[in-house]
There are 2 protein chains.
Amino acid sequence: MSVLPATQISHIRQTLENQIDTGLLQAGSRLPSDRVLCELFGTTRITLKDALLALEADGRIYREKHKGWHVSYPRLDYNPLYKLYFQRMVTLQNRSVETKVLATRELLASATLTREMELPALSKLYQICRLRYLDGRIVSYVEHFLKPARFPGILEQDHTKSLTQTYEEHYGLHFSRSRFSIYPAAAYGEVAQQLNITAGSPILMIKRINYDQHGTLVDCDHEYWRHDAVRIVVDSQDQQTADAPDPVPVPAGM
Amino acid sequence: MSVLPATQISHIRQTLENQIDTGLLQAGSRLPSDRVLCELFGTTRITLKDALLALEADGRIYREKHKGWHVSYPRLDYNPLYKLYFQRMVTLQNRSVETKVLATRELLASATLTREMELPALSKLYQICRLRYLDGRIVSYVEHFLKPARFPGILEQDHTKSLTQTYEEHYGLHFSRSRFSIYPAAAYGEVAQQLNITAGSPILMIKRINYDQHGTLVDCDHEYWRHDAVRIVVDSQDQQTADAPDPVPVPAGM
DNA sequence: AAGTGGTCTAGACCACCCA
DNA sequence: GGGTGGTCTAGACCACTTT
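Residues numbered from 1 in each chain as written. Chains lettered and ligands numbered in written order. Predicted model: local features only at pLDDT ≥ 70, side-chain atom pairs only at ≥ 80, totals over all residues. Heavy atoms only, no water.

## Focus on the overall build of chain A
Rule in force here: Secondary structure counts use DSSP, requiring at least four H or I residues in a row for a helix and at least two E residues in a row for a strand, with both numbered from the N terminus. We call two residues contacting when some pair of their heavy atoms lies within 4.5 Å. Accessibility throughout is a Shrake-Rupley quantity obtained with a 1.4 Å probe, and a residue counts as covered only by protein chains that appear here. When charges are counted, Lys and Arg are positive and Asp and Glu negative, with His and the chain ends excluded. The atoms used to mark charge sites are NZ of Lys, CZ of Arg, CG of Asp and CD of Glu.
A count of helices and strands for chain A gives 7 helices and 10 strands. Projecting the C-alpha coordinates of chain A onto the three principal axes gives extents of approximately 65 × 55 × 35 Å. Considering only residue pairs separated by 6 or more positions, chain A has 58% of its internal contacts joining residues 24 or more positions apart. Approximately 11700 Å² of chain A is accessible, and the part contributed by carbon and sulfur atoms is 52%. Each charge class in chain A was averaged separately, 29 positive and 29 negative side chains, and the resulting centres sit 4 Å apart.

Right, dumping it as C-alpha cells:
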C-alpha cells in the first residue's frame, strides 16, 4: 500500500532508518563499511554517501573520521535556563560527563569577540579550550573567553571540573544572567579536528555571554556541539523578559 | 603566510566564503550555475557540490530546488521567552512576515503526538498547516495541533493572522507557559516539498507545547525552519525554572 | 527548447586506522 | 598491510524551471 520511494537515495535512507527504528541497529553500533553497503543496495559509493549524509543531517547516524558510520545515541537535553552546573544538568539525566583541557592561553581578542564582549580595541583575553565527553564519547568542543582583570591567576588552575564552580569558590562570582545564541553551523579546522569529524560537517553552535551578580559582563563561551548529540529545552513558565514589553495587537493581515 | 588549503573542497569553500564576506556576493544573489563554477575552479560537479554543501551546512548559502544556490540572509532572532505574538517578534526586528494557510483538518493523533500531548489512545486533533514567509521568502513550515474540545469551530476561521490572537479573541485563552524542544534535523516528504528544498536537507526543528492560564495543555506546534534562517536567543536574566532546584555541589572530578 | 540542478555510474588515488 | 573512509575524475540521464 505504501508509495514506492522515488529515488535510490530515499530507498536506502528509509531502509536504514527502519532498521534503526526497529532496534535491529542499536545506538552506537557500527554500520557495515560503505563498500559492503554499496553491494547490498546495488549502487555506487556516491549514491550511498548521499543517503548516509541525509541520515546524518537528521541526527540518526554519525561518523568519526576514518572510523565509519554509527547509530546515534539519544540527545542530551540542554536547558539554558538551568544556569549553574553543566555537570549537574547531565547527571540529572543519568548520564556521565568528562572534561579534557586542551589549552589555556592569553590572546588578543578577535574582531568578532571584541564586539560580542563589548571590549575596547586591542583587548587581551584568557582562553580556555576544553573537550566534553558524554558517556565516553566526544560531544562538544568548548572555548571560554575570560576578562583577565576579573580572574587573576586562573590559567594556572585545574579546569577539568566545573569552571562555574571555580568562579564561585575562588573568585566569589556567580552568574546573575546569561545570554544565549544558538544556531546550526558547520565545523572547520581546529573544531572539526578535535571533534574528529570531517570539515564541513553540521554542528550546533551555542554561544553564551555571562554577567556576574553586579550585572557586569565577565566571560563568554563558544560551544561547538555534534549536532546529533543535543536538544535545546526551554520552559517559559510565567516568564516575561526585559525585551518583551506589554504586547501590542498586530494589524490584521500580517 | 597563510596555510594553503589541503583540499580542493576547502579551497572552493574559502574562496566563495571570502567573496561573501567582502560583499562581492550579496545576500540573496545567485551563484553562477554549477557547470560555470566547475569551469571556474577547474573541477567536477561532485567536488563542487561537496564544497557547496559545506557552505550550506554553515548557513552561508541556501538553495531552492532546481533554482540554484543563493547567498543567505541574516538570521531572524527567535526568542522562546517572548511568548505572545510571533508577528511582533518579527516586526521588532524591522522585518516582515506573511503566513499562508495550506490546510486545516481533523485527524487521529499519531503515536508521537499522543505521547507529546499526553492524550489518551485514539484521540482526535485539529491540524492547521501553514507556511511562513520572512521578507517574502519561505522560511518555515508550521503544523499546529489543537485539542478540539477547547476550540469549537476554529477550523472555519481565518488563520492568515496570528493564531495566538485568535485564541485570545475568540476563546478567551492566553498561554501561561510553553515548553520548547529545539534540535537540528532533516526535511523529507511534505516538509521538503513545501519548503522547496531537497529531501535530506538540514533544517532546524522547533517543537512547542502550550498551556493555558489554568495550566492545561491546549495545543502544540511543530515548526520546520530553514536552518540558515533563524537563531535561537535566550536571556536567562534572574530566572529560575521549576526543574532547577537549589544547586548541589558536584563531586570533584566530574 | 535550452539550461539548470538532482541523481547516478564506474572507476581512481590517498590518508588514516587497526591488526 | 589490508581495509576504511575521504577526495576526486569524467562522464550520463532525468526532472524541473525559465524563456
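Resuming the write-up.
## Details of the sheet that holds strand β10 (residues 230-235) of chain A
Strand pairing in a sheet relies on backbone hydrogen bonds. The paired strands run either parallel or antiparallel. Heads up, the condition is: We call two strands paired when DSSP finds no fewer than two bridges between them. For helices, the fitted axis covers only the stretch in contact; all axes are lines through C-alpha atoms, and the angles between them, taken along N-to-C directions, range from 0 to 180 degrees.
Spatially, the 8 strands line up as an open sheet ordered β3(A)-β10(A)-β7(B)-β8(B)-β9(B)-β6(B)-β5(B)-β4(B), and their pairing is mixed. This sheet does not close on itself; its edge strands, each paired only once, are β3 (76-78) of chain A together with β4 (97-108) of chain B. The mean inter-strand angle of the sheet, taken between neighbouring strand axes irrespective of direction, is 20°. The pairing of β10(A) with strand β7 (residues 175-186) of chain B spans 4 bridges and is classified as antiparallel. Pairing of V233(A) across the sheet is with S181(B), part of β7(B).

## Topic: the protein's contact with DNA strand D
In plain terms, the rule: When at least one non-hydrogen atom of a residue lies within 4 Å of a molecule or strand, that residue is treated as near it.
Residues in close proximity to DNA strand D total 21 residues, the closest being D34(A), R35(A), R45(A), Q8(B) and T43(B). Here the atoms of DNA strand D within 4 Å of the protein split so that 61% fall in sugar or phosphate, with bases taking the remainder. For the surface near DNA strand D, the secondary structure elements donating two or more residues are α2 (34-41) and α3 (45-57) of chain A together with α1 (8-21) and α3 (45-57) of chain B. Take the surface near DNA strand D: its biggest share by element is 3 residues, from α3(B).

## Details of the UniProt feature "domain: HTH gntR-type" (unreviewed entry) in chain A
This is how it is decided: UniProt positions are given in the numbering used here, feature names are shortened, and annotations may be inferred rather than shown by experiment.
Within this structure's numbering, the places UniProt gives as "domain: HTH gntR-type" (unreviewed entry) are residues 6-74 of chain A. Secondary structure over residues 6-74 of chain A splits into 51% helix and 9% strand, and the C-alpha atoms at its two ends are 30 Å apart.

## Focus on the nonpolar core
Inclusion rule: Nonpolar cores were defined as sets of buried Ala, Val, Leu, Ile, Met, Phe, Trp, Tyr and Cys residues, with membership established by side-chain atoms within 4.5 Å. Relative accessibility under 20% of the residue-type maximum defines a buried residue, over 50% an exposed one, and the middle range a partly exposed one, all with a 1.4 Å probe and only protein chains included.
Counting residues in hydrophobic clusters, the biggest one holds 38 residues, and the most contacted among them are Y78(A), W225(A), Y78(B) and W225(B). Filtering out sequence-adjacent residues up to four positions away, W225(B) remains in contact with L76(B), Y78(B), F86(B), R132(B), V139(B), S140(B), I203(B), L204(B), I206(B) and V230(B).

## So, the pairing of strand β8 (residues 202-212) of chain B
Residues and elements named next belong to chain B. Here β8 lies mainly inside the structure; 11 of its 11 residues are buried. Neither face of β8 is exposed, since P202, L204, I206, R208, N210 and D212 on one face and I203, M205, K207, I209 and Y211 on the opposite face are all buried. In the sheet, β7 pairs with β8 via 11 bridges, with the strands oriented antiparallel. Along β8, the bridge assignment pairs A185 with I203. As judged from the 9 bridges shared by β8 and strand β9 (residues 217-226), these two strands associate in the antiparallel manner. The residue bridging R208 from the neighbouring strand is D221, located in β9. Between the antiparallel neighbours β8 and β9 lie 4 residues, among them G215 with a positive phi of about 80°.

## Topic: the protein's contact with DNA strand C
Selection rule: For this analysis, a polar contact is any N or O atom pair within 3.5 Å, provided that within protein one partner can donate a hydrogen and the other can accept it, and provided that sequence-adjacent residues contribute only side-chain to side-chain pairs. As a working rule, the residues Ala, Val, Leu, Ile, Met, Phe, Trp, Tyr, Cys and Pro are called nonpolar, Asp, Glu, Lys and Arg charged, and the rest polar, with Gly in that last group.
Taken together, 21 residues lie around DNA strand C, and Q8(A), T43(A), D34(B), R35(B) and R45(B) are the ones closest in. Near the protein, meaning within 4 Å, the atoms of DNA strand C are sugar or phosphate in a fraction of 62%, with bases accounting for the rest. One of the side-chain nitrogen or oxygen atoms of T43(A) is found 2.6 Å away from a phosphate oxygen of DNA strand C. Here R63(B) contributes a side-chain N or O atom positioned 3.3 Å from a phosphate oxygen of DNA strand C. Every element with two or more residues in the surface near DNA strand C is listed here: α1 (8-21) and α3 of chain A together with α2 (34-41) and α3 of chain B. Sort the elements by how many residues they give to the surface near DNA strand C and α3(A) lands first, with 3 residues. Of the residues assigned to the surface near DNA strand C, the class counts are 3 nonpolar, 10 polar and 8 charged.

## Describing unusual backbone geometry
Residue and element names in this part refer to chain A. Notably, E118 is not glycine yet its phi reads approximately 55°, a positive angle. Within the secondary structure layout, E118 lies in the loop between α5 (111-116) and β5 (124-134). Judged by its relative accessible area of 59%, E118 is exposed. Backbone geometry at N196 places phi at a positive 60°, although glycine is not the residue there. Along the polypeptide, N196 turns up in the loop between α7 (189-195) and β8 (202-212).

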